[in-house]
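# Chain and residue survey
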Amino acid sequence: MEAQLEEVVPFLSHERADVRLTAVDALLSYSTSEAAKSIIQRSSTLSALANLIKDAEKTCTAALTILVNITSEVPETRSVLASTNAVPYAVSVTCASTSTKSESGLAAKLLVNLTLAPEGCNAVQESTHRLAERFVSSDNLAPTLAFVFLNLSQLPVVRQEALLRTSGEVVLKRLLPALLHANRDVRFGIAGVIRNCCVEQERHAWLVSTKCDIIPPILTALIDGRMELDDDDLSGMPKSAVDAHRDISKKYESDEQIRAMLIEIIHFLSSTEESRATMENIQVYPVLRELEKIDDSEEVQQKIHDAVYILMQETS
C-alpha cells in the first residue's frame, strides 16, 4: 500500500483539477493507516496538501480533513505546516463568505491545531483582525475561533503585538461581548483569552479603563437578579450590569469553571493601585459580596475571598 500511496503524492500538484481531486481523495481514503500517515507528515506532502486548501470545494474539503487529522495526531506537523501556505489559505477559507459550512469549519479547526504550536501562533497573529471579524459575525464558527484566540493568547508576543495592540481597533475589545454568548465553549474560550492577557501586569490599568473596558461584561456575566444591591451599590456601576440586575430572571454565569476564571481576572487586575481604584469606582466589590452569598461552589467562594482580599487593599 505504501508504494501505491507514494505514487499518488506527485498528483496532488497536478495542473488538472480532476487529477488533483482524485489524488487527494485516494490519500484521504487511506489517511488513517500508518503507511499513509508516514507519507502525509513529510514536509513535501504537507506543503502540497496546504496548497490544495485554495482549490475547488471537494478538493479543499478533502485536503483540510487530512490536515486536521494529521495535526491532531502528530504534533510535529504543526510547526512544519506553519511555514507553508496552510495558515493564509486556512484564514481565507475561514473568513470567506463564499466558503461552505464544511470548508470554513474544517479550516477553523486546522487553525486551532496550528496555533497549538508557537510557529503557528506567529503565523496567524497577522490575521487576528480578520478572524475577530469572522468570530463576531458567525455563530457557527464562534466556538472554534474562540479556541484559536485562546491558543494565541498563550504566547506573550502575540498578546502584545496582536490582541493588546492599542493602535487602531483593539482585538481583545471586540471579543469581550462573547462573555455573554449562549454557547459555553465561546464563553470559556474568551474568558481564557482575557485571563491570559492579564499576565501583562503593565497593561492592567489600560485593561480596566474605558479604552478596553473589560470589567462591564465580566460584572454583567456575574450579576444575578437575586442580589441585594442598593442604590449606593449601583451608583457608578456599568449600565449593562445595572440593567442585568434589574432583570429578576437574570442568573449568574452558569458554568462554575467560567465563573472561577472571571473572578481570577478581577483578582489579577487588582494587583495595581490604579486598577483597584478604577474597579472601586465601578462597584466591583458589591457584586463579589453578593455573589459569595448565593454561589454554592466552594472553589468559586474561595476565589471570591482571594480576590476581595486584594481588591480591598487601601489606595492612597
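Look up a bit, the structure's there.
All of the points below concern the structure found in this document. This one's a predicted model, so the numbers in the text were calculated from it and none came from an experiment.

### Remarks on the overall build of the chain
- Of regular secondary structure, the chain possesses 22 helices and 0 strands.
- Expressed as lengths along the three principal axes of its C-alpha atoms, the size of the chain is roughly 75 × 35 × 35 Å.
- Counting across all 316 residues of the chain, residues that qualify as buried make up 55%.
- Once local pairs closer than 6 in sequence are excluded, the contacts in the chain between residues at least 24 apart make up 71%.
- Here the chain carries 30 positive and 45 negative side-chain charges, and the mean point of each set is 4 Å from the other.

### Some remarks on unusual backbone geometry
- Within the chain, Asp213 stands out as a residue other than glycine whose phi angle is a positive 65 degrees.
- By the secondary structure assignment, Asp213 is in the loop between helix 15 (204-208) and helix 16 (215-222).
- Assessed through its relative accessible area of 28%, Asp213 is described here as partly exposed.

### Considering the pattern of salt bridges
- By the definition in use, this model includes 19 salt bridges.
- With a shortest N-O distance of 2.6 Å, Lys37 and Glu73 are connected by a salt bridge. Of the two residues, Lys37 sits in helix 3 (residues 34-40) while Glu73 sits in helix 5 (residues 57-73), which places them 36 residues apart along the sequence.
- Given the relative accessible area of 46%, Glu73 is considered partly exposed.
- Lys303 serves as the salt-bridge partner of Glu264, at 2.7 Å between the closest nitrogen and oxygen. One end of the pair, Glu264, is in helix 19 (residues 256-269); the other, Lys303, is in helix 22 (residues 298-311), and 39 residues separate them in sequence.

### Looking at the nonpolar core
- By size, the foremost hydrophobic cluster in this structure holds 111 residues, and its most contacted members are Leu49, Phe135, Phe149, Leu172, Ile214, Ile215 and Leu288.
- Aside from chain neighbours lying at most four places away, what touches Leu288 is Leu222, Ile263, Ile266, Ile304, Ala307, Val308 and Leu311.

### Some words on the environment of Asp243
- Assignment of secondary structure puts Asp243 in helix 18 (residues 239-246).
- You can call Asp243 partly exposed: its relative accessible area is 33%.
- Sequence separation of Asp243 and Thr220 is 23 residues, and the distance between their C-alpha atoms is 8.6 Å.

### Digging into the packing of aromatic side chains
- Per the counting criterion, the structure on display carries 2 aromatic pairs.
- Between Phe135 and Phe149, the ring centres sit 6.1 Å apart and the planes meet at 80 degrees, which makes this aromatic pair edge-to-face. Of this pair, Phe135 sits in helix 10 (residues 128-137) while Phe149 sits in helix 11 (residues 142-152), and the two are 14 residues apart along the sequence.
- Looking at Phe149, the relative accessible area reads 0%, which means it is buried.
- Against the face of Trp206 rests Arg203, its NZ or CZ located 5.0 Å from the ring centre.

### Let's talk about the packing of helix 8 (residues 101-114) against helix 11
- Where helix 8 meets helix 11, the axes come as close as 9 Å, and the angle between the chain directions of the two elements is 20 degrees. One way to sum up the angle between helix 8 and helix 11 is to call them roughly parallel. Crossing of helix 8 over helix 11 shows left-handed handedness. Touching Ala108, Lys109, Leu111 and Val112 of helix 8 are Thr144, Leu145, Phe147, Val148 and Asn151, all from helix 11.
- Of the residues belonging to the contact of helix 8 with helix 11, the class tally is 6 nonpolar, 2 polar and 1 charged.

### Digging into the environment of Ala86
- Checked against the element boundaries, Ala86 lands in helix 7 (residues 86-95).
- Taking the relative accessible area as the measure of exposure, Ala86 reaches 0% and is therefore buried.
- The spacing of Ala86 and Ala108 is 22 residues in sequence and 11 Å in space, taken between C-alpha atoms.
- If we skip the residues at most four places from it in the chain, Ala86 touches Ala50, Ile53, Leu81 and Leu114.

### So, the state of the cysteines
- Across all of its chains, the model carries 0 disulfides by this definition.
- Left without a disulfide partner, Cys121 is nearest to the cysteine sulfur of Cys197, which lies 12 Å away.
- Between Cys198, a cysteine without a disulfide, and Cys197, which holds the nearest cysteine sulfur, the sulfur-to-sulfur distance is 7.2 Å.

### Comments concerning the side chain of Ser99
- Position of Ser99 relative to the elements: it lies in the loop between helix 7 and helix 8.
- Using a relative accessible area of 18% as the deciding quantity, one classes Ser99 as buried.
- In this structure the side chain of Ser99 is engaged in a polar contact, spanning 2.7 Å, whose partner is the backbone oxygen of Val93.

So, how was this worked out
Residues numbered from 1 in each chain as written. Predicted model: local features only at pLDDT ≥ 70, side-chain atom pairs only at ≥ 80, totals over all residues. Heavy atoms only, no water. Helix = DSSP H or I, 4+ residues; strand = E, 2+ residues; numbered from the N terminus. Buried < 20%, exposed > 50% of the residue type's maximum accessible area, 1.4 Å probe, protein only. Contact = heavy atoms within 4.5 Å. Lys, Arg positive; Asp, Glu negative; His and termini not counted. Charge placed at Lys NZ, Arg CZ, Asp CG, Glu CD. Salt bridge = Lys/Arg side-chain N within 4 Å of Asp/Glu carboxyl O. Core = buried A, V, L, I, M, F, W, Y, C linked by side-chain atoms within 4.5 Å. Phe/Tyr/Trp six-rings, centres within 6.5 Å; stacked < 30°, edge-to-face > 60°. Lys NZ or Arg CZ within 6 Å of the ring centre and 35° of its normal. Axes fitted to C-alpha atoms, helices over the stretch in contact; angles between N-to-C directions. Parallel < 35°, antiparallel > 145°, perpendicular 65-115°, else oblique. Left-handed = near helix turned anticlockwise from the far one by under 90°. Nonpolar A, V, L, I, M, F, W, Y, C, P; charged D, E, K, R; others polar. Disulfide = S-S within 2.5 Å. Polar contact = N/O pair within 3.5 Å; in protein donor to acceptor, adjacent residues only side chain to side chain.

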